[in-house]
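# A closer look at the structure
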Amino acid sequence: MSKILPSSMKDVHYDNAKFRRRSCFKMIVQAFANSSIKRECVTCSTGRFLILLMIGGLAFLMLMNTNSIDHVSDRIRKSIAGREEHRLLLNGVGKFGKFWRKPPRLPPRLSPDEILTSNSSTFDAGNLKGDSKWVIRQRSVKHAFIHAWSGYKQYAMGYDELMPLSQRGVDGLGGLGATVVDALDTAMIMGADEVVSEAGAWIETHLSERIDGKGQVNLFETTIRVLGGLLSAYHLSGGEQGMGDMKVKGPKPHVYLEIAKNLADRLMSAFTSSPTSVPYSDVILRDRSAHPAPDGLSSTSEVSTLQLEFNYLSAISGDLRYGTEAMKVLEHLKALPKVEGLVPIYISPHSGQFSGENIRLGSRGDSYYEYLIKVWLQQRTSQDGDVRYLHEMYEEAMKGVRHLLVRKSIPKGLVFVGELPYGPKGAFSSKMDHLVCFLPGTLALGATKGISKKKAMEENLLTFEDMENLKLAEDLAKTCFEMYSVTTTGLAPEIAYFNVDGYSEGGHGGGNGSSEYANDIIIKTLDRHNLLRPETVESLFVLYRITEDSKYREWGWQIFEAFEKHTRVDSGGYSSLDDVTVLPPRQRDKMETFFLGETLKYLYLLFGDENVIPLDKFVFNTEAHPFPIHSAVKKQ
């Protein structure tokens, strides 16, 4: 960062004083007092006489000038011609007009310190009032997004991800340019037109060729990031005339739709190749073939987190194949045995049965529960089938979470969600992935169906179950935020453990000894990394929209400032961290696609207007790509 230029506040005060109102007499006296003839004139009697004569003459002229104005004012009441003379005098055309005219009032000059502060993307806006503070903070998030994109564009355009320290790209998601597609609808929502044009042009020119020629991709990751990104871009660019007023740059909506259909046709082989309703995990795009993972198993979350995308594609294309195949998975899962609505994290596409007893809401389990409520919200007005069973599965699962997985830490009583690695009869683990922080937002969304809590209560729409879930959502959101504030960097680890009565995991704290919860949260050595994940800010966004409590905005701002301070790479982009408990943290040389697709998008929406992507009209897929609910969809 460049140093502030040296300056004197005396200079600033002087410049600002130049634009204050001053009388004509004071101006002349000051000019004379500062002139070079002052010393010579005041040393003789003749000089003193001339000074008195000049002052007297000036006083006479000013008096006569005032009288002339009064005289003109009197004539205005008597004659139209007097108006013209009055205008000439006031505009300085008269003999003393230039002398009488006041100097212009220009904006005050800022000191270099003030200029630097006003131009900073992370300055303290705490003293600003009302909406202006959040407008400025939202603009800061947009600046961060453009900085992240600039690094990707310069060093990794067309690759899946940016390595910002190495200044190169890497393909870890099948080589489909995942960052381009993931970031596109974020740029549309932010009004970052240049990014929209660049990303849209690359998609139109290159993506179809990539899809036709690439080999193995993961069904789940490709669906939520690439297919989801294309479908969201289709709608936001004016597809079904849903968001035509946005007037975004880039290709026409049908371009995104046609590429999405080409990709989905190839991904469909994961469903059709499997002997059961459970799809295979991997697809060979160029061959339109699929196969299971090496161990033969699929993640429960992966097979149950495809339905929003394929349902929406069916709705806008008129081809029911996509949604029909995807919904078969949830219908199949409905019939399988569960533990109070909770399910193991692995399932076999060969047998169609769950594998093992590990139950958790972290990796491989998380978005199963998320999509139960979101697919129900998306499809509940559809005429294509009865999806009430999804809401019933969701309610049963949340009861199971409260009964089997929710605990409080000691000594301060943070509410957290643990795990049952050996099933309900095995030992409870106080481990909580950062991924679990999706749950507060999902609970709040399920409680009010996207409308505000105030409105839901006024219309008597909340059941006792809804109120319990909403209370749990707020408690868990606080815990997720404290996972950030307990560390030295202010950024959360990938995994945390909690002290519980009678059991304590070995490990270290987060490094912030001033945190109230320093003794409640334990972070093990291998779990201290941060991947720029979005789950906490996602829940803060949803909870702010629903509760209208500004503390969620303030928490989000603190998290954003920590990202800016510790993960920003000056040459472009942002980097994951190795250890959030030490200063300075070592950067990991990886910018995940979801930082642009989710983290910055949710922060931008958190600080923005609630009418942008309203939660009662849109549903976000697990990669933060918004789709309109079914009743708003028009087929092409």
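Structural data are supplied above this passage.
Described in the following lines is the structure provided in the data block.

Thresholds, definitions, all that
- Residue indices follow the written sequence of each chain, beginning from 1 at its first position.
- Side-chain atom pairs in this predicted model are given and counted only at pLDDT of 80 or more, local residue features only at pLDDT of at least 70, and totals for whole chains, interfaces and linings cover all residues.
- The basis for the side-chain values is all heavy atoms of the structure; hydrogens and waters are excluded.
- For two strands to be treated as a pair, DSSP must find at least two bridges joining them.
- Helix and strand definitions here come from DSSP, where helices need a minimum of 4 consecutive H or I residues and strands a minimum of 2 consecutive E residues; each element is numbered from the N-terminal end.
- Between two residues, a contact is recorded if the distance between any of their heavy atoms is within 4.5 Å.
- Every axis in this analysis is a line fitted to C-alpha atoms, fitted for helices over the stretch in contact. Angles between the N-to-C directions lie between 0 and 180 degrees.
- For patch building, the residue pool is restricted to those with more than 30% relative accessible area and no salt bridge; the joining distance is 9 Å between like charges and 5 Å between nonpolar side chains (Val, Leu, Ile, Met, Phe, Trp, Tyr).
- A 1.4 Å probe and the Shrake-Rupley method give the accessible areas. Residues count as covered only by the protein chains that appear here.
- Think of a salt bridge as a Lys or Arg side-chain nitrogen and an Asp or Glu carboxyl oxygen that are within 4 Å of each other.
- Counted as positive: Lys and Arg. Counted as negative: Asp and Glu, with His and the chain ends omitted from the count.
- By convention, charge coordinates are those of NZ in Lys, CZ in Arg, CG in Asp, or CD in Glu.
- Only protein chains enter the calculation, and the probe is 1.4 Å; a residue is then buried if its accessible area is under 20% of its type maximum, exposed if over 50%, and partly exposed in between.

## Points about the sheet that holds strand β7 (residues 346-347)
- In space, the 3 strands of this open sheet follow the order β6-β7-β8, with antiparallel pairing throughout. Looking along the sheet, the strands with just one partner apiece sit at the ends: β6 (298-299) and β8 (354-355).
- Where β7 and β8 come together, 2 bridges link them in antiparallel fashion. Each residue of the ladder has a partner; that of Ile 347, found in β8, is Phe 354.

## Structural notes on the sheet that holds strand β11 (residues 431-433)
- Ordered in space as β11-β12-β13, the 3 strands form an open sheet in which the pairing is antiparallel. Edge positions in the open sheet fall to β11 and β13 (521-522), since each of these has one partner strand only.
- Taken together, the 3 bridges between β11 and strand β12 (residues 495-498) define a ladder with antiparallel strand orientation. Residue pairing across strands places Met 432 opposite Ala 496, the latter belonging to β12.
- Contacts between helix α21 (residues 464-485) and the sheet are confined to β11, β12 and β13, with β12 contributing the most and set at about 110 degrees to the helix.

## Examining the environment of Val 196
- Looking at where Val 196 falls in the secondary structure, it is placed in helix α10 (residues 193-213).
- Sequence separation between Val 196 and Thr 186 is 10 residues; the distance between their C-alpha atoms is 8.9 Å.
- Excluding residues within four positions of it along the chain, Val 196 makes contact with Leu 184, Ala 187, Met 188, Lys 249 and Gly 250.

## Notes on a negative patch on the surface
- On the surface, Asp 131, Glu 548, Asp 609 and Glu 610 cluster together into a patch of negative charge.
- Within the fold, Asp 131 resides in helix α8 (residues 130-156).
- Here Asp 131 falls in the exposed class, since its relative accessible area comes to 60%.

## Focus on the environment of Glu 309
- Relative to the assigned elements, Glu 309 resides in helix α15 (residues 307-317).
- Its relative accessible area of 0% is what places Glu 309 among the buried residues.
- For the pair formed by Glu 309 and Leu 230, sequence separation is 79 residues and the distance between their alpha carbons is 9.9 Å.
- The residues contacting Glu 309, other than those within four sequence positions of it, are Thr 223, Ile 224, Leu 227, Gly 228, Leu 231, Tyr 371, Asn 621 and Phe 627.

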